[in-house]
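# Inside the fold
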Amino acid sequence: MLPEVERKASRRLQNWSSQETVELKEATASMIFDLTAKKLISYDQDNSSENLRENFVAFIQGLISFPLDIPGTAYHKCLQEEHKAILTNRENTDSGLTWKEYKSMTYTFQFINETVRLANIVPGIFRKALREIKFKGYTIPAGWAVMVCPPAVHLNPAKYQDPLAFNSSRWEGTEINGASKNFMAFGGGMRFCVGADFTKVQMAVFLHCLVRKYRWQPIKGGNILRTQGLQFPDGFHIQLMEKTRME
């Protein structure tokens, strides 16, 4: 799977670099959707008379986002160093990404955890009370629906210092293998998102292809509107450029 994800990401990035500007959220969402639909239901937009993505967007508009670190920040430099080290340790720098290399992306996974914490992909998780529950002076009758709100946890200053700040270092030394009461970006319990690892693979491989071959500059937009999730009402337009050999 890694070679396919890497090929798709590399192809999209090369295509974007030939354009004057790219609206980042729409472009990355389209890339992720196309690959996911291909793997799950063998959907190929080029060979289909039905635009499945338009129907999907109408259903889930505003819930999915992929924040991008800005060149010059400490986060961007750490990402570059980690992925440069992967290439340095290869016998052939042009060979594809291996599973061992993917698992070595310690800082990248910290970056991804912080991204999904702030983005809050799913604004609400619904569960059903199987029995009467007493909680902080309230009674939840059996059979009632309960909505768990991940943003209320992920943006809680009692759990995360300066919760609105992007700080991937807060995940140093923390191994996330599932959900916890303080981190539920992919749900939790028996209904933990089965696509969580697939999502992390796509994000990590995309970042690997991005930071080692490209640089970019913001053009317009990028203003954040925080509702249940993270939205960019004006979009986020960037210009993507291939790096020179000296960069």
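Heads up: these notes are all about the structure in this document. Computed from a predicted structure; not experimentally measured.

Analysis parameters
- Residues numbered from 1 in each chain as written.
- Predicted model: local features only at pLDDT ≥ 70, side-chain atom pairs only at ≥ 80, totals over all residues.
- Heavy atoms only, no water.
- Helix = DSSP H or I, 4+ residues; strand = E, 2+ residues; numbered from the N terminus.
- Buried < 20%, exposed > 50% of the residue type's maximum accessible area, 1.4 Å probe, protein only.
- Contact = heavy atoms within 4.5 Å.
- Core = buried A, V, L, I, M, F, W, Y, C linked by side-chain atoms within 4.5 Å.
- Phe/Tyr/Trp six-rings, centres within 6.5 Å; stacked < 30°, edge-to-face > 60°.
- Lys NZ or Arg CZ within 6 Å of the ring centre and 35° of its normal.

### Considerations on the overall build of the protein
Across its full length, the protein carries eight helices and nine strands. For the protein, the proportion of its 247 residues judged to be buried stands at 38%. A separation of at least 24 residues holds for 65% of the contacts in the protein among residues at least 6 apart in sequence.

### Observations concerning the nonpolar core
Counting residues in hydrophobic clusters, the biggest one holds 41 residues, and the most contacted among them are Leu13, Trp16, Val205, Phe206, Leu210, Ile238 and Leu240. No other element matches helix α8 (residues 196–213), which puts 11 residues into this core. Sequence-distant contacts of Leu240, defined by excluding residues within four places in its chain, comprise Leu13, Trp16, Ser17, Leu210, Tyr214, Arg215 and Trp216.

### Side note on the environment of Leu164
Looking at the secondary structure, you find Leu164 in the loop between α7 (150–154) and α8. Owing to a relative accessible area of 56%, Leu164 belongs among the exposed residues under this scheme. Sequence separation of Leu164 and His154 is 10 residues, and the distance between their C-alpha atoms is 9.2 Å. Once residues within four sequence positions are removed from consideration, Leu164 is found in contact with Leu118, Leu155 and Arg226.

### What about the packing of aromatic side chains?
A full pass over the atoms with the stated rule returns six aromatic pairs. An aromatic cluster is defined as three or more aromatic residues linked by ring pairs; in this entry it consists of Trp99, Tyr102 and Phe109. Looking at Arg117, its charged tip hangs above the ring of Tyr160, at a distance of 5.0 Å from the centre.

### Looking at the environment of Arg127
Relative to the assigned elements, Arg127 resides in strand β2 (residues 125–128). Classification of Arg127 by relative accessible area gives partly exposed; the value is 30%. Separated by 64 residues in the primary sequence, Arg127 and Arg191 have C-alpha atoms spaced 9.8 Å apart. Contact partners of Arg127, with chain neighbours within four places excluded, come to Trp144, Ala145, Val146, Gly188 and Arg191.

So yeah, pure geometry; function would need other evidence.
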